[in-house]
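Coordinate analysis (summary)
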Amino acid sequence: EGIRNNTLFIFTSDNGPWEVECEFAGTAGSYKGTWQRTYGEGGSASKMTTWEGGHRVPFIISWPDVIEHGSYHGLISAFDVVPSFSKIAGFNLPNDKKI
């Protein structure tokens, strides 16, 4: 129980498949972007869109000793991950480098 409560678990996903069909395109499965095309004035469920599966993907964190269960503190971006993990680890990122 002690190690579980003091371990940071992250579940996230890559943003959807490529919209252009090729051998690396992948699939959105049953989610085909129907809502976007019907009600949202266009769009798809693929990379490089601002729709579901485009930029918006799941990012679930569990760290029971640190993060209160059920809490939500707003939007997060993949750009936040390296600086956040560095801070958690007590590591200062160099100011003269772009991340």
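Note that the structure is predicted; figures quoted are calculated from it, not measured.

Counting its regular elements, the protein chain contains three helices and two strands. Taken from N to C terminus, the helices and strands of the protein chain fall in the order α-β-α-β-α. For the protein chain, the exposed area adds up to about 8400 Å²; of that, 59% sits on carbon and sulfur atoms.

Turning to a nonpolar patch on the surface, a few remarks are in order. There is a patch of nonpolar side chains on the surface, built from L8, I10, I61, I76, F85 and I88 and spanning about 460 Å² of accessible area. Mapped onto the elements of the fold, L8 is located in the loop between helix 1 (2-5) and strand 1 (9-12).

A few words on the confidence of the model for the protein chain. Across the protein chain, the average pLDDT comes to 76, with 63% of residues at or above 70. Mean pLDDT per element in the protein chain: helix 2 (residues 34-38) is the minimum at 66, and strand 1 is the maximum at 88.

Quick notes on the rules
Residues numbered from 1 in each chain as written. Predicted model: local features only at pLDDT ≥ 70, side-chain atom pairs only at ≥ 80, totals over all residues. Heavy atoms only, no water. Helix = DSSP H or I, 4+ residues; strand = E, 2+ residues; numbered from the N terminus. Areas by Shrake-Rupley, 256 points an atom, 1.4 Å probe, with all protein chains shown as cover. Patch = residues over 30% accessible without salt bridge, like charges linked within 9 Å, V, L, I, M, F, W, Y side chains within 5 Å. Salt bridge = Lys/Arg side-chain N within 4 Å of Asp/Glu carboxyl O. pLDDT = per-residue confidence, 0-100.

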